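Chain residues, written in single-letter form:
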Amino acid sequence: MAVVFERPRSLTDQRFRYCPGCHHGIIHRLVAEAIDDLEIQDRTIAVASVGCSVFSYEYFDTDAIQAAHGRAPAVATGIKRVEPECVVFTYQGDGDLAAIGTAEIVHAAARGENITVIFVNNAVYGMTSGQMAPTTLIGQVTTTSPDGRIPSRAGYPIRVCELLNTLEGPAYLARVSVHDPRHVREAKKAIKEAFQVQLAGKGFSLVEVLSACPTNWHLSPLEAIEWIKEKMIPYYPLGKFKNVLEVKEDA
Amino acid sequence: MNKVLMKGNEAIGEAAIAAGCRYFFGYPITPQSELPEFLSRRLPQVGGVFLQAESEVAAINMVYGAASTGARVMTSSSSPGISLKQEGISYLAASELPCVIVNIMRAGPGLGGIQPSQSDYFQATRGGGHGDYRTIVLAPASVQEIVDLVIEGFELADRYRLPVMILGDGNLGQMMEPVQMDRTAKGRLPAKPWALTGKKGRPRNIINSLNLDPEKLEMHNRKLERRYQEIKERETKAESYLTDDAEIVVAAYGIVARVSKAAVDRARAEGIKAGLFRPITLWPFPEKELNEATARARNVLTVEMSLGQMVEDVKLALNGRLPAAFYGRVGGVVPTVSGVFEEIQKINQNSGKVK
Ligand SMILES: Cc1ncc(C[n+]2csc(CCOP(=O)(O)OP(=O)(O)O)c2C)c(N)n1
Ligand code: SF4
């Protein structure tokens with residue numbers, strides 16, 4: 001019988017610790033599949049960050065390092081500068097990347113550092129149990145925005161792709177979602193493209209993935225999917241902001 | 001080989017290259033900026049990488065990444081910048097990654113001033129960042145010794161898998177002295193089977209400092225501690241000058257040791273039996289060597305460009321055996337020969353009276 005579905009080789013057989021309905025697991029799988037498809041498992045180095053995905057170094061069956069909160073792009077820079085033949089990617093949440101690690105991500109992008117960033121936007125701090133993130137939507141209730149995020153108190157949510165798109169350095173920027181099978185397929189394609197951009201030596205690539213955190217949104221997994229469609233996507237429009245490889249092909 | 005005239009900061013850079021270091025990540029700060037400037041010219045010439053990071057936080061995390069691949073890597077800064085690097089230094093120590101970190105100290109706290117100081121002694125020798133850890137701390141007193149200790153620093157870092165700090169003050173970074181630059185690291189880099197290089201057929205390597213299981217984390221802490229003990233037993237280093245018959249021993253490191261040496265000479269000329277003890281490793285502190293150097297002494301005087309930091313280690317090492325006096329200048333003021341000499345004189349007069 002033909003095998004139509006199996007565990008990606010680039011995932012270990014460790015069981016994920018994620019909550020039911022959390023999208024981190026899906027996103028891990030997509031990253032691993034992309035690594036398998038591109039046959040780069042033996043030369044990939046994963047940089048895990050701080051957040052619910054802190055254990056991703058246990059899940060990816062590649063060499064891996066765990067970075068301090070927000071510092072993954074700097075750590076990846078150090079690795080890539082020594083090992084330019086390796087494929088280096090970071091896996092970061094929104095608190096990690098868009099709050100404490102804002103300087104590191106902006107400057108890695110501005111340098112056009114030849115790394116790939118998988119940026120998981122779930123509009124909340126997951127691991128520390130639901131505080132406001134830089135990506136928390138206006139009106140969204142969290143443990144530190146109990147009245148809903150009010151811009152006069154807490155400022156506005158940050159659109160990371162749009163922000164980075166003002167820079168010359170990035171070679172690939174895309175925002176995707178994994179809330180239904182069609183979007184999962186698109187997300188997979190984007191992740192693979194981002195790695196291809198790195199393999200072509202074109203510079204910084206980032207894929208922002210909208211992701212559910214049913215636990216801290218206090219929604220059921222299905223309600224969380226609706227929330228992504230109704231609330232997140234309107235503020236965080238999906239699409240490709242930049243792909244230097246495509247620009248080349250068109251020209 | 002001929003001697004060349006070099007500035008302390010530049011000698012650090014050239015010595016690092018001689019030690020096989022090809023990667024430097026830094027951020028400008030006075031009085032160490034000549035070092036990154038020098039390496040931005042030199043490293044590309046030898047096929048290396050110089051990268052000016054966006055902050056000290058980023059620089060030390062780039063070091064963490066580069067060190068994880070097994071490469072010899074260095075960063076440098078001065079006091080306020082080292083404070084920012086402490087996060088990364090704690091991670092490097094926890095993950096057992098070798099690297100060399102240079103601190104050319106200036107006066108603090110806060111933004112302080114840009115003049116030389118030794119007031120980061122506590123931060124350097126007590127770990128400095130969060131958690132139970134130590135780094136080896138080497139304190140050169142001349143531009144030639146900078147070269148030797150930077151090369152040795154890389155070797156120690158690799159041998160014990162930990163960050164090594166070169167602790168100098170602004171004077172040392174700025175002054176020019178003749179140096180012999182023909183030294184190179186002993187042999188090749190040790191094998192680093194733990195390094196991240198891409199799996200290439202072997203089982204994956206993981207560099208990590210997270211351990212949520214308290215028993216396992218305690219085991220890791222104990223393992224690090226055993227290594228620190230081994231370093232304490234093997235790697236202490238100090239220099240003694242005229243201590244064989246000394247009644248008053250001055251303890252000082254770095255540039256202050258040179259000032260103190262001149263004061264000791266002056267005391268000898270005045271008939272006072274003074275000597276100098278100069279720790280070269282600040283961690284591990286050369287306790288045994290200090291006790292040997294003070295075997296005949298009646299008093300120890302610690303001189304520092306701080307309000308009294310190393311003096312605590314001196315007291316711990318003496319363990320009450322001898323009275324320990326302290327003389328310090330701060331804020332960027334360098335102790336003078338006559339200032340130190342007067343302190344020696346005072347102790348000499350007092351110890352003559354008391355009894
Ligand atoms: C320096 C530092 N500050 C704070 C923390 C605590 N902390 C751990 S995870 C986290 C938030 C992570 O949120 P996010 O990046 O959005 O990832 P998620 O958990 O949602 O996947 C924080 C603040 C830490 N580990 N280190
Ligand atoms: S807290 Fe949220 S982000 Fe973290 S595992 Fe649970 S659902 Fe996922």
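All figures in this text were calculated on a predicted structure; none of them were measured in a lab. Residues take numbers from 1 onward in each chain, read along the sequence in its written order. Note on labels: chains are lettered from A, ligands numbered from 1, in written order. Residues qualify for local features only when their pLDDT is at least 70, as the model is predicted, and side-chain atom pairs are given and counted only at 80 or more; totals for whole chains, interfaces and linings, by contrast, use all residues. Side-chain descriptors were evaluated using all non-hydrogen atoms of the structure, hydrogens and water having been removed beforehand.

(A) Broad picture of the sheet that holds strand S5 (residues 170–177) of chain A. Strand order across the open sheet formed by eight strands is S7(A)-S5(A)-S6(A)-S4(A)-S3(A)-S1(A)-S2(A)-S9(B), with mixed pairing between neighbours. Because the sheet does not close on itself, it has two edges, and the strands there are strand S7 (239–243) of chain A together with strand S9 (206–207) of chain B. Here, any two strands with at least 2 DSSP bridges between them count as paired. Working definition: helices are DSSP H or I runs of at least four residues, strands are E runs of at least two. Numbering for both runs from the N terminus. Inspection of the sheet shows strand S1 (residues 44–48) of chain A paired to strand S2 (residues 63–66) of chain A by four bridges, in the parallel sense. When the sheet's bridge partners are listed, A:Ala48 is paired in S2(A) with A:Gln66.

(B) Molecular detail of helix H2 (residues 34–45) of chain B. Residues and elements named next belong to chain B. Between the first and last residue of a helix there are one fewer steps than residues, each counted as 1.5 Å, and that sum is the expected span. Under the 1.5 Å per step criterion, the end-to-end length of H2 is 17 Å for twelve residues, consistent within 8% with the ideal 16 Å. Of all the positions in H2, only Glu-34, Leu-35, Pro-36, Phe-38, Leu-39, Arg-42 and Leu-43 are classed as buried. In an axial view of H2, the angular spread of the buried residues amounts to 170°, which keeps them on one side of the axis. The positive-phi residue at the C-terminal boundary of H2 is Gly-47, with phi of around 80°. Each residue's exposure class comes from its accessible area (1.4 Å probe, protein chains only) as a fraction of the maximum for that residue type: buried when under 20%, exposed when over 50%, partly exposed otherwise. In this description, the arc belongs to the directions extending from the helix axis to the C-beta atoms.

(C) Here's a closer look at the pattern of salt bridges. Here, a salt bridge means any side-chain nitrogen of Lys or Arg that lies within 4 Å of a carboxyl oxygen of Asp or Glu. Throughout the structure, instances matching the rule amount to 40 salt bridges over all chains. Note that A:Lys240 and A:Glu193 form a salt bridge whose closest N and O atoms lie 2.9 Å from each other. One end of the pair, A:Lys240, is in strand S7; the other, A:Glu193, is in helix H8 (residues 181–199), and 47 residues separate them in sequence. Accessibility expressed as a relative area gives 37% for A:Lys240, which makes it partly exposed. For B:Asp158, the salt bridge identified is with B:Lys192, shortest N-O distance 2.7 Å. With B:Asp158 in helix H6 (residues 143–160) and B:Lys192 in the loop between strand S8 (176–180) and S9, this pair connects stretches of sequence that are 34 residues apart. Here B:Lys192 falls in the buried class, since its relative accessible area comes to 15%. The network of salt bridges with shared partners includes A:Arg29, A:Glu33, A:Asp37, A:Lys188 and A:Lys192.

(D) Region of the structure containing the nonpolar core. As used in this record, nonpolar core signifies buried Ala, Val, Leu, Ile, Met, Phe, Trp, Tyr and Cys residues forming a set joined through side-chain atoms within 4.5 Å. A:Val47, A:Phe204, A:Leu206, B:Phe25, B:Met74, B:Ile136 and B:Ile344 are the most contacted members of the largest nonpolar core, which totals 141 residues. Setting aside anything within four residues of it in sequence, one finds A:Val47 in contact with A:Ile65, A:Ala67, A:Ala72, A:Val75, A:Ala76, A:Ile79, A:Val88, A:Phe89, A:Thr90 and A:Tyr91. Here a residue-residue contact requires only that any non-hydrogen atoms of the pair lie within 4.5 Å.

(E) Region of interest: the environment of A:Ala212. All names here are of chain A. Among the structural elements, Ala-212 can be located in the loop between strand S6 (204–210) and helix H9 (214–217). In sequence terms Ala-212 and Gly-21 are 191 residues apart; their C-alpha atoms lie 7.2 Å from each other. Beyond its immediate stretch of four places on either side in the chain, Ala-212 contacts Gly-21, Cys-22, His-23, Trp-217, Ala-224 and Ile-228.

(F) Representation of the interface of chain B and chain A. Residue-level contacts link 33 residues of chain B with 34 residues of chain A. By definition, the buried area sums, over both parts, the 1.4 Å-probe accessible area that each loses when the two are put together. Among the residues chain B hides against chain A, the three largest losses belong to B:Glu54, B:Lys199 and B:Arg204. Together they make up 22% of the total. Our count for the contact surface shared by chain B and chain A stands at five salt bridges. Under this definition, polar contacts are N or O atom pairs within 3.5 Å; protein pairs additionally need one hydrogen-donor-capable and one acceptor-capable atom, and for neighbouring residues in sequence, both atoms have to be side-chain atoms. Taken together, the connections running from chain B to chain A amount to 17 residue pairs in polar contact (both at pLDDT 80 or more). Of all the secondary-structure elements, those providing two or more residues to the side of chain B that touches chain A are strand S2 (23–26), strand S3 (49–52), helix H3 (56–68), helix H4 (79–94) and S9 of chain B. Per-element accounting of the side of chain B that touches chain A gives the leading share, eight residues, to H3(B). When the residues that make up the side of chain B that touches chain A are grouped by side-chain class, the tally is 17 nonpolar, ten polar and six charged. Nonpolar residues are Ala, Val, Leu, Ile, Met, Phe, Trp, Tyr, Cys and Pro. Charged residues are Asp, Glu, Lys and Arg, and all others, Gly as well, are polar.

(G) Main features of the packing of aromatic side chains. Residues and elements named next belong to chain A. What counts as a ring pair is set by centres within 6.5 Å for rings of Phe, Tyr and Trp (its six-membered ring), and what kind of pair is set by the plane angle: stacked under 30 degrees, edge-to-face over 60, tilted for all other angles. On inspection of all chains with the given rule, the structure shows 13 aromatic pairs over all chains. Aromatic pair Phe-60 and Phe-89: ring centres 5.3 Å apart, planes at 90°, arrangement edge-to-face. You can see Phe-60 sitting in the loop between helix H2 (56–59) and S2 and its partner Phe-89 sitting in strand S3 (residues 87–93), a full 29 residues away along the chain. The pair formed by Phe-60 and Phe-89 is uniform in burial state, with each residue classed as buried. Judged by centre distance (5.0 Å) and plane angle (80°), the rings of Tyr-235 and Tyr-236 are edge-to-face. Comparing Tyr-235 with Tyr-236, the two get one shared label, buried.

(H) Structural detail: the site of ligand 2. Residue and element names in this part refer to chain A. One heavy atom within 4 Å of a molecule or strand makes the whole residue count as near it. The local shell around ligand 2 consists of Tyr-18, Cys-19, Cys-22, His-24, Cys-52, Asn-122, Cys-213, Pro-214, Thr-215 and Asn-216. Ranked by the residues each element gives to the shell around ligand 2, the list is headed by H9, at three residues. Grouping the amino acids of the shell around ligand 2 by side-chain chemistry returns six nonpolar, four polar and no charged.

(I) Expanded view of the pairing of strand S12 (residues 274–279) of chain B. Residues and elements named next belong to chain B. Here S12 lies mainly inside the structure; six of its six residues are buried. Residue alternation in S12 divides its side chains into two sets, Ala-274, Leu-276 and Arg-278 and Gly-275, Phe-277 and Pro-279, and both sets are buried. With four bridges joining them, strand S10 (residues 238–241) and S12 adopt antiparallel strand pairing. By the bridge assignment, Tyr-241 is partnered in S12 with Leu-276. Taken together, the four bridges between strand S11 (residues 248–251) and S12 define a ladder with parallel strand orientation. Its bridge partner being in S12, Ala-251 is matched across the sheet by Phe-277. Between the parallel pair S11 and S12, the chain is carried across by helix H9 (residues 254–269), and the sense of this crossover is right-handed. Note on handedness: a clockwise path from strand one over the helix to strand two, with the strands aimed away from the viewer, defines a right-handed crossover.

By themselves, these observations are geometric and do not establish any function.
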